[in-house]
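Tertiary structure, described
Here's the letter readout for the chains.
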Amino acid sequence: MARSFLPITDFAPSKAGYRLLPFRFHRLDKETEILVNECGEFLLAPLGTAERAVRRKLTSAEDIYPSLKAKHFIYDDYSSSLLDVLASKYRTKFDFIHGSTKLHILVVTLRCDHSCHYCQVSRQTVNKGEFDMPQDVAAAAVNMMLQSPSPHLTLELQSGEPLLAFDTIKYIISIAKPGAARLGKELDIVITSNLAFLTDDILDYCKSERIKLSTSLDGPEFIHNANRPRPGGDSYRVAIDGIKRARRVLGADQVAALMTTTQLSLQHPNEIIDEYVRQSFHTIFLRPISPYGFAIKSHRTGYQMDAFLDFYLAGLDHIFEINKKGYNLVEIYTKILLQKILTPEGTGYVDLQSPSGAGLNVLVYNYDGDVYATDESRMLAEMGDHTFRLGNVLTHSRAKIFTSPAFVNLLQAACNQSLPGCSDCAFQPYCGADPVYHHATQTATSRMQHVHDYTSIDV
Amino acid sequence: MSVQFGPVEFDDQHTSAIISIDKKIYSKSAVLRACYWFGKDLYCHLKERGDLLEVTVGLRVSSPTLDQPKVRKIDEWLPEIYDALLDSQLRIEIQAETAGVRELIVAKAFAESGVLEDPPPGTFDDPVARSDSKSSDLVRISTRSSE
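Because the structure is a prediction, the values reported are computed rather than measured.

**Some details on the overall build of chain B**
- Within chain B one finds two helices and four strands.
- Seen in sequence order, chain B has helices and strands lined up from the N terminus as β-β-α-β-β-α.
- Taking all 147 residues of chain B together, the buried fraction comes to 24%.
- A separation of at least 24 residues holds for 48% of the contacts in chain B among residues at least 6 apart in sequence.

**Re the overall build of chain A**
- For chain A, the helix and strand inventory stands at 18 helices and 15 strands.
- Burial statistics for chain A: of 459 residues in total, 42% are counted as buried.
- Residue pairs at least 24 apart in sequence account for 67% of intrachain contacts in chain A once pairs closer than 6 positions are excluded.

**Looking at the pairing of strand E10 (residues 255-258) of chain A**
Residue and element names in this part refer to chain A.
- Alternating residues of E10 divide into Val255 and Ala257, all buried, and Ala256 and Leu258, none buried.
- By the bridge criterion, four bridges tie strand E9 (residues 211-216) to E10 in an arrangement that is parallel. Each bridged residue has a counterpart across the sheet, and for Leu213 the counterpart in E10 is Val255.

**A few points about the sheet that holds strand E4 (residues 42-46) of chain A**
Residues and elements named next belong to chain A.
- Overall, antiparallel pairing links the three strands, which are arranged E2-E3-E4 in an open sheet. Edge positions in the sheet fall to strand E2 (23-27) and E4, since each of these pairs with one other strand and no more. Between one strand axis and the next, the sheet turns by 25 degrees as a mean value, whatever way the strands run.
- In this sheet, E4 lies alongside strand E3 (residues 32-37) in antiparallel orientation, the contact comprising five bridges. The residue of E4 that forms the bridge with Val36 is Phe42.

**Observations regarding the domain arrangement of chain A**
Residues and elements named next belong to chain A.
- In terms of domain boundaries, chain A breaks down into domain 1 (16-93), domain 2 (101-405) and domain 3 (408-455).
- Relative placement of domain 2 and domain 3: their C-alpha centres are 23 Å apart.
- Contact with domain 2, which involves 24 residues of that partner, is made by 19 residues of domain 3.
- Counting residues per element, the ones that place at least two in the side of domain 2 that touches domain 3 are helix H13 (332-342) and helix H14 (375-382).
- Within the side of domain 2 that touches domain 3, the residues separate by chemical class into twelve nonpolar, nine polar and three charged.

**Points about the nonpolar core**
- Leu106, Ala141 and Tyr365 of chain A are the most contacted members of the largest nonpolar core, which has 109 residues in total.
- Core analysis: the next-biggest nonpolar cluster, separate from the first, contains 16 residues, Ile21, Tyr26, Val57 and Ile74 of chain B among them.

**Here we look at the sheet that holds strand E6 (residues 103-107) of chain A**
Residues and elements named next belong to chain A.
- Within the open sheet, the eight strands sit side by side as E10-E9-E8-E7-E6-E13-E14-E15. Their pairing is mixed. Whereas interior strands pair on both sides, the edge strands pair on one side only; in this sheet they are E10 and strand E15 (389-392). The sheet shows a mean angle of 25 degrees between the axes of neighbouring strands, direction not considered.
- As defined by bridge partners, strand E14 (residues 370-372) adjoins E15 across three bridges and the pair is classed as antiparallel. Looking at the pairing, Asp370 lines up with Asn392 of E15.
- Packed onto the sheet, helix H8 (residues 235-250) meets E9 and E10 and runs at close to 160 degrees relative to E9.

**A look at helix H17 (residues 435-442) of chain A**
- In terms of burial, H17 of chain A is largely enclosed, as six of its eight residues are buried.
- Of all the residues in H17 of chain A, the buried ones are Pro435, Val436, Tyr437, His438, His439 and Ala440 of chain A.

**Some remarks on the environment of Leu52 of chain B**
Residues and elements named next belong to chain B.
- With respect to the element layout, Leu52 can be found in strand E4 (residues 52-59).
- Judged by the 15 C-beta atoms lying within 10 Å of it, Leu52 falls in the partly exposed class.
- Taking the C-alpha atoms as reference, Leu52 lies 33 Å from Glu103; in sequence the two are 51 residues apart.

Definitions and cut-offs
- Counting of residues starts from 1 at the beginning of each chain's written sequence and follows it residue by residue.
- The lettering of chains begins at A and the numbering of ligands begins at 1, in the order of writing.
- Local features in this predicted model are restricted to residues of pLDDT 70 or higher, and side-chain atom pairs are both shown and tallied only at a pLDDT of 80 or more, whereas totals for entire chains, interfaces and linings draw on every residue.
- Each helix is a run of H or I in the DSSP string that is no shorter than four residues. Each strand is a run of E no shorter than two, and both are numbered from the N terminus.
- As a rule, residues whose C-beta atom has 12 or fewer other C-beta atoms within 10 Å are exposed, those with 20 or more are buried, and those in between are partly exposed; C-beta atoms are placed from the backbone.
- Think of it this way: build a C-beta for each residue from its backbone, and any pair within 7 Å is a contact.
- Here, any two strands with at least 2 DSSP bridges between them count as paired.
- Note on method: axes are straight lines fitted to C-alpha atoms, helices fitted across the in-contact stretch only, with angles between N-to-C directions ranging 0 to 180 degrees.
- Where a domain begins and ends is set by an automatic assignment or by a domain database.
- Amino acids outside the nonpolar list (Ala, Val, Leu, Ile, Met, Phe, Trp, Tyr, Cys, Pro) and the charged list (Asp, Glu, Lys, Arg) are all regarded as polar, and Gly is one of them.
- Any nonpolar core is a set of buried residues, restricted to Ala, Val, Leu, Ile, Met, Phe, Trp, Tyr and Cys, that join up through C-beta atoms within 7 Å.

Below, the structure is given as structure tokens:
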């Protein structure tokens, strides 16, 4: 079929004027404001552009007029068909809602040999077997996971140090994999471990069951050992040895590492990043410390967000230099933010999305069967705050979990589209709601510390 | 853009002020939303008086502390407050004008994902489907203004 362009008259300014599409705006300085639409498309414009658009003072002859149309802030007779594109972008942006909870975290034991300053878990000593997940709890947790409508599930086994309860892990996988296969669901399995107890037998098992490993690497030896003490003071050596052996058996792409930023880390962004390059990682996630568990009991680790931002920006400069030299290194948090700002794609990052990922995208099953909306909710419970305990796998159905008062309360603060302040904020499409974080830091689930944190950064 | 406000009354130390706002220009919702953003530094109290909204704004910290060694007088906050009021009113007008089309975009987005059983009514030109209830398409794109 032959196709041809529409006649030039179809591209002429509309005589009927324009109409507004939903957008928000924010003054950046005395000369510039930013306009952001529902899908995150943005335009930097002279101050007063939003007001002129609302008051119908814009003319189609102005340079900014085509940009406002192209970015979906206004539309006229000749652009209305593009609104289908806007709906498609909106659907893409919220695709993460589809399928409900995908990530299921099972806490197989509270036992751990490390005594990390920032640990979010109320760790127990290595020999206290009563803090392992019993089989009936494990079976009920797996059953609840499989009831999730999502066709693609991720089972994360963490703790504590999960390899201390390896028999429990084997039992969980022995029922989870056939269960998922029976229902036609894909199942990814990840063990989050400090690798201190990683034997060759465990590695062979991981290979045969196609299990990925995720570990902690806080930087070079002096930082890692200081942040993550263990008997013998050799947590760095153990982690590096484990990473190398796991890569040999499972493959390089089956082993991931995460770092946590402590007070000590703040002074050494370049050394931490260089360690990741030295260990042949191509991603690094410069993460601030979470305000839970031992992180706030221990005053050695805490710091203000401004100090973290200095660390983050210095680290980012160093990462740019490394990339310029030809080594591909991605900072994950930057990637998430840029993906949110520059594309309609969702990121799958549950800590910064709306509706919040708590419960909707992730569920945590504690060793005793208690179900929490997020891992951080479990940390709060270990500190005596059970606000986000949704139920127990032994006594509550999935329906009861998702209609529990705790979950309903959480949902009320889970959408930044309806939160005070956030509902008007231009940066809303890039941000998220994190009721658990806000509850922990501000004793309110709906405040917007995240927004304040981000808007304080120069655009 | 010039915006007319009524007279502003200050207390003796200039730690608080009463701003009179014309209700025909600024809605109560706009004033409340503007006040919300200053909650960290200022307290706000809103009172209706005839055709006016009276907003009392005051400094939460009125004298220097170790955490906040420099304190701005309430006068220095006024330009920001006026800007925030204007922005809030504009946001409300944008939301009011675009509510219908926003609902339609969302409905269309999720209708095509198979979430909705019935197609949403309306078109982008007529989001509430006043003029064309017979359209069988999910969304009809009109080339004419409905105004």
